[in-house]
Every structure is written in C-alpha cells, then in structure tokens.
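Fold and geometry: a report
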Amino acid sequence: MFSKTHKVSAVRIAVIAAIGAMTMSAQAQTAQLERIEVTGSSIKRIASEGSLPVQIISAKDIARTGATTAAEVLQNLPAMQGFQIADVAVGSNSGGTTFANIHDIGQSYTLVLLNGRRVAPTGSGSTVNLQGIPMAAIDRIEVLTDGASALYGSDAIAGVVNFVLKKNHQGGNVTVNGNVPLEGGGKSGFASLTYGFGDIDKDRFNVLASYRHDEQKQLAATDRKFGSTAYIPFEYGGRNYVYDRTSPSAVPANVTITAKNGADGKPAFPAYAFNPYAKANGGKCADRNFASLTNVVGKQEICGFDYANTIEIYPESKRDSLFLTGQFKVSDKLSFYSDVVLSRFDLTARIAANPVPVAIPSSTDIFKKWVAPYLSPVQMANLALETDKTSPNFGKPRVTAGYRAQDFGTRDSQSITDSKHFVIGADAELAGWIMNGGYTWSQNAIDEKYVGGYFKKAEFLSMVQKNQFDPFAEAGKQTPETLKLMADSIYHGTVRKAESNLMGFDFRASRELFKLPAGDLSLGLGADIREQQYKNTPSADAVNGVIYNFSAPNQFDMKRKSGGVFGELLIPVIKNMELTAALRYDSIKSTNNVLEGKTVGEDLSATTYKISGKYQIVPQVLVRGSYGTGFKAPDMLTLGAPLLPNGVTAASYDCPFKDTSPCQPTKRQYTQLAGGNALIKPEKSEQMAFGIRFEPNASFGIGADYYNVYITDAISGVSASQAFAEPVKFSSLFTTFQQPAEDKPYYAFKSVSTNIGRSKNSGIDWDIVGRVNLESLGRLTMGLAGTYVIESSYTLPGTNDQYTNSLGHYNDVSASVTFRNKVVATATLDSGAFTNSFTLNWKSGYTDKEAPVRDVATNKLTTVAMEVPRSSTLDWQGIYRYNKVATLTVGVRNLFNKAPEFSLRDSSGHQVGYDPRYGDTLQRRVYVTGGYNF
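Here the structure is a predicted model, which means the values were calculated and not measured.

1. Notes on the overall build of the chain
Regarding its fold elements, the chain presents 12 helices and 51 strands. Against the 2.2 N^0.38 benchmark of 30 Å for 934 residues, the chain shows a C-alpha radius of gyration of 30 Å, consistent with a compact globule. Each of the three principal axes of the chain carries a C-alpha extent, and together these read 100 × 65 × 55 Å. Going through the 934 residues of the chain one by one, you find that 53% of them count as buried. Once local pairs closer than 6 in sequence are excluded, the contacts in the chain between residues at least 24 apart make up 71%.

2. A closer look at the sheet that holds strand β15 (residues 272–274)
An order of β17-β15-β14-β23-β22 is seen for the five strands of this open sheet, with the pairing classed as mixed. The sheet terminates laterally at β17 (300–301) and β22 (355–361), the two strands that pair on one side only. In terms of strand pairing, strand β14 (residues 254–257) meets strand β23 (residues 398–404) through three bridges, oriented antiparallel. Following the sheet pairing, Val 255 is matched in β23 by Ala 401.

3. Observations concerning the packing of aromatic side chains
Where two aromatic rings form a pair, the distance of their centres and the angle of their planes describe that pair. On inspection of all chains with the given rule, the structure shows 34 aromatic pairs. Seen in terms of ring centroids, Phe 724 and Phe 734 are 5.1 Å apart; in terms of plane orientation they differ by 90°. Their pairing is edge-to-face. Of the two residues, Phe 724 sits in helix α12 (residues 720–725) while Phe 734 sits in strand β38 (residues 734–737), which places them 10 residues apart along the sequence. With a relative accessible area of 10%, Phe 724 lands in the buried category. Judged by relative accessible area, which is 10%, Phe 734 ranks as buried. The rings of Tyr 653, Phe 657, Tyr 670, Phe 724, Phe 734, Tyr 747 and Phe 749 are connected pair by pair, giving a single aromatic cluster. Lying over the aromatic face of Phe 274, Lys 279 brings its terminal NZ or CZ to 5.9 Å of the ring centre.

4. With respect to the side chain of Asp 765
Here Asp 765 lies in strand β40 (residues 754–774). Put simply, Asp 765 is tucked away with no salt bridge, and the nearest opposite charge, on Arg 624, sits 8.5 Å away. A polar side-chain atom of Asp 765 sits 2.6 Å from a polar atom in the side chain of Thr 787. Residues contacting Asp 765, with those up to four places away along its chain left out, are Ala 79, His 103, Thr 145, Gly 703, Ala 704, Asp 705, Tyr 707, Gly 786 and Thr 787.

5. Here's the deal with the confidence of the model for the chain
With 94% of its residues at a pLDDT of at least 70, the chain reaches an overall mean of 90. Ranking the elements of the chain by mean pLDDT puts helix α1 (residues 4–20) last, at 35, and strand β10 (residues 205–216) first, at 98. Confidence drops under pLDDT 50 across residues 1–34; counting only partners more than four residues distant or on other chains, this segment forms 67 contacts.

6. Remarks on unusual backbone geometry
Residue Pro 252 is bonded to the preceding Val 251 through a cis peptide linkage, with omega at -5°. Mapped onto the elements of the fold, Pro 252 is located in the loop between β13 (239–244) and β14. Of note, the phi angle at Asn 576 is positive, near 70°, even though the residue is not glycine. Along the polypeptide, Asn 576 turns up in the loop between β28 (556–574) and β29 (577–588).

7. Quick word on the environment of Thr 608
Locating Thr 608 in the fold gives a position in strand β32 (residues 604–618). On the basis of relative accessibility, which here comes to 2%, the residue Thr 608 falls in the buried class. Residues Thr 608 and Phe 838, 230 residues apart in the sequence, show an inter-C-alpha distance of 43 Å. Setting aside residues no more than four positions away along its own chain, Thr 608 makes contact with Ser 149, Ala 150, Ala 582, Leu 583, Arg 584, Thr 629, Gly 630 and Phe 631. Within the structure, Thr 608 has its side chain in polar contact with the backbone oxygen of Ser 149 (distance 3.5 Å).

8. Digging into the nonpolar core
In terms of nonpolar packing, the biggest core is built from 66 residues, with Ile 257, Val 371, Tyr 403, Phe 408 and Phe 472 touching the most fellow members. With residues near it in sequence (within four places) discarded, Phe 472 still touches Pro 252, Ala 253, Asn 254, Val 255, Pro 276, Tyr 277, Ile 360, Ile 366, Trp 370, Val 371 and Ala 401. In this structure, Leu 130, Ala 137, Phe 163 and Leu 165 belong to the second largest nonpolar core, which totals 36 residues.

9. Side note on the sheet that holds strand β34 (residues 644–648)
Across the sheet, four strands lie side by side as β34-β35-β39-β38; this open sheet has mixed pairing. Two strands close off the open sheet at either side, each with one partner strand: β34 and β38. With direction set aside, neighbouring strand axes in the sheet form an average angle of 45°. In terms of strand pairing, β34 meets strand β35 (residues 671–674) through three bridges, oriented antiparallel. What sits directly across from Pro 645, in β35, is Leu 673.

10. Side note on helix α8 (residues 457–465)
Of all the positions in α8, only Phe 460, Met 463 and Val 464 are classed as buried. When α8 is viewed along its axis, its buried side chains cluster within an angular range of 100° and face the same direction. The first or second residue beyond α8 is Asn 467, which carries a positive phi of 50°.

11. Overview of the pairing of strand β37 (residues 700–716)
In the case of a regular strand, side chains alternate between the two sheet surfaces. Counting buried positions over the 17 residues of β37 gives 14, a clear majority of the element. Here strand β36 (residues 683–697) pairs with β37 via 12 bridges, running antiparallel. When the bridges of β37 are listed, Arg 693 appears paired with Gly 703. Bridge analysis of β37 against β40 gives 15 bridges, and the strand direction is antiparallel. Looking at the pairing, Ser 716 lines up with Thr 754 of β40.

12. Quick word on the state of the cysteines
This structure, assessed with the given rule, holds two disulfides. Put simply, Cys 285 and Cys 303 are joined by a disulfide, and their sulfur atoms are 2.0 Å apart. On the S-S bond that ties Cys 285 to Cys 303, the torsion sits near -85°, and the link is left-handed. Within this pair, whereas Cys 285 is found in the loop between α5 (276–280) and β16 (289–291), its partner Cys 303 is found in strand β18 (residues 303–305), the two being separated by 18 residues in sequence. Cys 303 carries the same exposure label as Cys 285, and that label is buried. The disulfide that involves Cys 655 links it to Cys 663, with 1.9 Å between the sulfurs. A torsion of -70° about the S-S bond marks the disulfide between Cys 655 and Cys 663 as left-handed. Its relative accessible area of 13% is what places Cys 655 among the buried residues. In the chain, the cysteines engaged in disulfides, taken in order along the sequence, are linked 1-2, 3-4.

13. As for the pattern of salt bridges
Tallied over the full model, the rule gives 36 salt bridges. With a closest N to O distance of 2.7 Å, Arg 893 and Glu 72 form a salt bridge. Of this pair, Arg 893 sits in strand β50 (residues 886–893) while Glu 72 is found in helix α3 (residues 70–75), placing the two residues 821 residues apart along the sequence. Given the relative accessible area of 19%, Glu 72 is considered buried. Residue Arg 693 is joined to Glu 695 by a salt bridge in which the shortest nitrogen-to-oxygen separation is 3.9 Å.

14. Section: the side chain of Ser 762
With respect to the secondary-structure elements, Ser 762 resides in strand β40. Using a relative accessible area of 3% as the deciding quantity, one classes Ser 762 as buried. Setting aside its immediate chain neighbours within four residues, Ser 762 contacts Tyr 706, Tyr 707, Asn 708, Val 789, Ile 790 and Glu 791.

15. Quick look at the environment of Ile 702
Topologically, Ile 702 is positioned in strand β37. In this structure, the C-alpha to C-alpha distance between Ile 702 and Ala 785, residues 83 residues apart in sequence, is 9.6 Å.

16. Quick word on the pairing of β35
Of the two faces of β35, both are covered, the one formed by Thr 671 and Leu 673 as well as the one formed by Gln 672 and Ala 674. Pairing of β35 with strand β39 (residues 746–751), which is carried by four bridges, proceeds in the parallel orientation. Following the sheet pairing, Thr 671 is matched in β39 by Ala 748.

What counts as what
- Residues numbered from 1 in each chain as written.
- Predicted model: local features only at pLDDT ≥ 70, side-chain atom pairs only at ≥ 80, totals over all residues.
- Heavy atoms only, no water.
- Helix = DSSP H or I, 4+ residues; strand = E, 2+ residues; numbered from the N terminus.
- Rg over C-alpha atoms; globule rule 2.2 N^0.38 Å.
- Buried < 20%, exposed > 50% of the residue type's maximum accessible area, 1.4 Å probe, protein only.
- Contact = heavy atoms within 4.5 Å.
- Pairing = 2+ DSSP bridges.
- Phe/Tyr/Trp six-rings, centres within 6.5 Å; stacked < 30°, edge-to-face > 60°.
- Lys NZ or Arg CZ within 6 Å of the ring centre and 35° of its normal.
- Lys, Arg positive; Asp, Glu negative; His and termini not counted.
- Salt bridge = Lys/Arg side-chain N within 4 Å of Asp/Glu carboxyl O.
- Polar contact = N/O pair within 3.5 Å; in protein donor to acceptor, adjacent residues only side chain to side chain.
- pLDDT = per-residue confidence, 0-100.
- Core = buried A, V, L, I, M, F, W, Y, C linked by side-chain atoms within 4.5 Å.
- Axes fitted to C-alpha atoms, helices over the stretch in contact; angles between N-to-C directions.
- Arc of directions from axis to C-beta.
- Disulfide = S-S within 2.5 Å.

The structure is reproduced here in structure tokens:
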C-alpha cells in the first residue's frame, strides 16, 4: 500500500510537525498504580503514556464543555469530523440518530464500545446511536485514534470510542440544568440523580444507580433569520444573486398541463406549467411564494413555495436514561459484576406540509374557474386522460395540480428509540492470569410514527374526488367545513418498527510470562462470539395502503453469526523500549434471510495484525509508532436487501433521457431504489501511525501523532448526481417506478453497491498544555489541541482509480466537507472555590457547493461556488464550589452569538441557507447547573 516515497514523506511530515510543535506543550499524564485495561490493548498494566494515541476525556472535562449529549462532547474533539447530528432529522427520517466519525474516514469505520463491549447498532451494520449513551453515568471517554481491528475485529479501521461508566461509587448526587438561547426558542435542560453504596474493597460489594431526564424544545426556522427562508438574495464577489430553493408544490397550487398522444404517437402539445393564482393576480405570487427562477414564458410560469419558514432548525426531544451496575467480590481472586443500561429517546421532527399531486377533472367548477381561462383551444381539446382506474373520473380529461397541503399542517414524525444493554460477567485471577469474561445482550429498537400532516388515503382521496377543497386557494382560506374534513383526514399511527439485537460472549486473559532484562514479557489472549439480528417491520396500515402516497418500508429479518480469537504480546526490547504485536482471526457466517428462508452471500474470514512500539528516549521524550491491517465486514442489508423503494433523490434533476414517456414534466426529485449485492466482500485497510511527545516537567507538554489509513475493496456505488450527469454511461442504473399517487411510471434511480472503491486518509493530531501558578490568582492551565488533515481522498463511486476529495471543499459525492484544520483552545483558572474557563472552537474555511443562482444584473441563471470563511465560537464557564457538597455552574456558549456561516448546500436535512452540521444553530445561550452531593 505505502510506496517507499510515500512512507518516507509521511514520516518526514510527522517528524517535522512534531519537532515544530515543541515550541508549545502537550498534556502530561499522571501514572496510576492500579492495573487497568486501556482501550487498544487487552493486557492489563500500569496506565501510562502508551504506544497508541488514546485521548481521554474525563467527567470533569465533559462538564467543562457545557455539552449535554455524548454527541456534543465528541463533536467538539478536533479528531472528529463528518458525523451525523440530530438536526438532520428534519427531513431525513433519521430519528435524531448521531454517530461518531474519527478523522472523517466514515462513521461506519469507527467502533463504539460501552465499558469495552459492543453495543447494538442502528440498522444492520455497526454504527451505534450515541443518543443511547447515559451521560450522567460516564466516568470517562477513551478515544483511540488508530485502527484496532487486530484486537476488536471488524469496524475498527478508523479507531475506537469507548464510553467507560462509573463503578464503585459511594454516595449520591443530584444535578439540575437549564439552558436558554438568548435569541429565543430551543430551550433545554436536564435533571439527574446518582447514588451508590458499598465499597468493593472494604464491603466486598457495590451497587450504583444513575438516572437522568433531558428535554429539548423545538427551534423553529422563524426563530432565526439565517434559516427562515428558501428564497435568498445575497451578494458575493461584488455581484447580486438570488438563491431559490422554493418548491414547485405550492399553495396556491401550480398546475401542469399534459397532452394525450395524437395519431403520430406524440403528445399533441408540449407540457406546460403555470400558477393560476398568479395568472389571476397580474403575475403576482401569493404570500410565502416567489416566481421561480426557472420560469420560461410559454413553458413554465410557476410560483415556488417558501417551505423553509415552515420547518424546524432543531427538533424537540425527550430522553430518559437509567444505568444500574453491581459488583460482588467473592474473594480477592474472584468477583462478579452486572451492568444494565436503559434509555428512551423520543424525538418529533416537523417538515413542510405534504406536497401532493391532485388530479383536477375538466368537468369540475375548480377547473373552469382556475384552469380553463388560461388554456388554448388546442390544449383544451387534447388534455391527458385520467389513468387511475379507481377514480370516478377514469378516462376523462384532467390536469394535475402540484399542491402544498399547508392547511393540513406540517408533516410531523415521532421516533421513539429504546436502547437496552445488559452485561453479566466475572473477573478472576488464576495461576498468574488476570481474566475477564462476560455475556452481553443489547438491543436498539425504533418505533416510527406519523403524528401530523400525513393523510389517510380514503379520506383524502374522497376530498380530492369530490373537490371538497380548493388547491388554488390561498393558505388559510378554506371553509370551516373543509378545515374539519382536513383535520379528520390526518393519519396518526405507527408506520414501522425496527430493532437491532446483539448477543455475545467474550473472554480475555493476560499475564506476565517471564522476565527479560528490560522487563516483563506479557501475553494477552481472547475470544468472542456474537449473533446480530436486524428486523424492520412496516405496520399493517403502511402495508395496506391506509396512508396516502406512501410506499411501505421494506420488511427485513436478517441474522448473522461471527466470532474471533486474538493474541497480543508485549515485549520489552531494551530499557525504555517496548514492542506490542497483535494477531486476530475472524470468521463471519453468511447472512440468514429469515423471511425468505435462505442464506445470502458467503462465509467470510479475515486475519489482521498490528505491530506497535514506544521508546522513551529520555524521561522527557517519547516516540511511538504502529503499523497494522484492518477489515470491515459488509452489513447484512448491503449483502441481502432486495431492490426496493428508498425515498427520493436528495436533489432535483432534469429528465435523464429527454422527451421520453417516463420523464417528469419539470425538474424534479426522482424515486430512488436501493438493494444489496450478495457478492460484496469485506473492506480491507492498512494503517500506520507515528508520534512524539515531549514533557520536560509536570507543567508543560507537547505532542503530535501522524496517522495514515488506506482502504481497499471499499464498498462503493454510483451517486445519483453522477448518474444523472452521465445517464447514457450509467443507463443500467435507471428503471421505471410508479409511486401510489403518481399517474404513471417515471424514471427511478437504482442505488446499489460493489467492492471497487478506495480511500486515502492522513493527517496529524497534536496537542499542547501548560500550567502555571499565578500569585494571588490561582493555577492557570492552558491547552491547545488540533487536527491537521493532509489527505482525505476517495475514488468516485463506481470507479477504482478516479479519485476525488472533500478536503477544504464541499463534495457532491459525499455531500460533506472535510476541514483542513480543527482546533480547540482552552484556558482554565482555578482560584480556590472559583473556577473560570474559556474554550475556543475554531475550524478552517472551505469552498461551498456549486449551486444554481440567478444573476440579478443579467437576469440569467448561473452557478456560484462561494468561499465559506473560517469560523469560531467562544464559550465561558464559571464554577463556584460553595462547600464540599454544593456546586453552582454558570456558563455562556457561543459568547459572541456567532450564527452558522452562509452556505448553499442542498443535503443533510431540509434546512436552507446554512449547513447545520458545521455551525451553532442555537447561537448564544446561557446555562445554569446546580449540583449537590450527599
């Protein structure tokens, strides 16, 4: 993988960066006497600066950030980029799931553990929803920023995030928090209670319980200027433009006129779209509507609905989490333990009202009032005919209204995610071996409900067929009788339930084999087996067509067994130098498709290894490095999913094959189908790391770690944007599909995967810390940490040699940005009972997505790719310790009220004008936290 030149240049970069950084400092580590297992190794040893780069975030560190969720904590780490956040639930049906992503290599390549054990993922793969992590119970978070497949098996190519929960805790704590954005909306808060009794060392037992309740209120788009509209005039480069993301499904509705075929088999006239309300009002669109920038007289004269001011910036949610743990020491050599984690995350996301096509028969009064006056005799005589055989107007002339059902209310989806995690195990010592084993059962289940804005098919179609509402009326001007019918037509109920179950056994043992001149030779051994199951079950209402224009979610029930064995050897080579070698073999069985009674794919296996080492050159200087291999097994749906509907394309496109029957009449989103590939193989990786740390004393330190990860056989697929840009080349990826409410089949895009992708990722993680005692003021601690990305490239979907990248610019393939630099600076002054701290979060700028806009001066459509400037936010926190049991914390996040940077991206949720993944949408907010120990 690594050419000689590449290796030398990589090491050279790392060395230069590390030496250059020695003008600053890195965090000094304090040795502990207890033998513990550190993330990234199975050998229990005295904790110290090791051969692998492990970042440790303590409970105090977490509190100092002001973060209220595990995702927020990780999102602020410089080494974390590109992972999903809760905001994108607005428009993505994600349920508010959040995932970790080390070095932006991909969230599916980061393994998330709870107390060193796997957790049931979301879906059929390996990504773990961070919303299920019990925040009040976290003792520390260990982040290994180096590949670890040789120890943990599949999915640890980018690294590991291990949430270590509290244990052997005595006494109680009550904490209450309130968080208020000063710009309005989006209030949040939590209350927690933790209590533990018994000392495992003195009483031979300990029991700990921790409960927390969180609430997050909605932040509506109208609460913030930056996200309140989809029609945005702006200035860039000295020119004025208009960015238009309004929707052709409008209120009052647009109408599309299509023709039946003539004797020659061709339409009698070209398709034509216009807005009857605007025609009747001198070309002026109704409130919340704008004349579309794509209008061409005689072809399209529509109004675009400004849906963005009807949605949310941040959805409302509630979270309850409970952690129970117990330990019992039978003897000094044997103890038992059990962990129970329960959480419920209840999120409601609201998006714009339903866009629905409504057939308007030419015989109705609505047609005669709103449509007929604007049609030519040829159009009137050759209107397309109704094709729905269930309609009383089947075979009769009709037009189609593109209607936004604003009077029916916003589409509200409620996702209730229940996470359950149970572990029972034992620690033992026998004949010099330190052993640990346990049984894990873990489940992640979701109940997805529609609670507003979605229609019951029978009631809604009855209204349409009887013309009981006027799609061309302004919003809010339907009759009281019609509003009552609308309210009665709204569907409330479950549309699908899904659950992912994980069951497994694991065993680890380590011991010192014998003494060498330089120290003890130690061996670690381990094995684990597990079974994973993913079930997705659409509700009876979804399957039976109770919901209007709704394709039922796909039904799955898939199982897969896997297991692995590993060995790890710690070798002291000479004084202050040690090497660690690890080897693992994994076996992954084929996927069992329970519903179809067959297996999919083949049995898979992989052998991975890792060699790492460190050398303490002098007490103040340490160098370390590693080289290893990794792999990632394909998830079950990637292997076995049938080709079924999977929503629509993220963007709107022109017809891929112009002037053919399956074309949409105007630029539209097309149905997307997704399916599996039984021939998919595991993805493979090679990674290397090199680091250096300099700590001359307890008050000063600096360090840098270079990482390089190269992935082959990456699972790849052609993106919709790529296929629509070159439809002839990718013609095999297009088919036709008819949605329930569509009058005929239209083109659809097939999203399938194959093993031909590659990716290259490299960069440097660095950190600095300095401490000084200030006379009469207290102890000042200053830290600086960052990640500098050197390369973040990957092959274009469907190719194995055409590379693209997202480094410093928005990439249409990944629909994301990799920031060249992310930096966090902290300053904390401890002054007796008072502690004040400041935190600066900074990231570099990037080139935005190339987006279509209208140049105001020329009144012509053009494209613009803006330069999004670097951005930063500053936080302050003050802590007052009244006494040993009472603490008051006051803080301000985003002290200078920095709004998200202006962006023209069109993915990751329905928000417009900014990217919620890369900015602070809540803006300046004050929080108060009170804690009491008892």
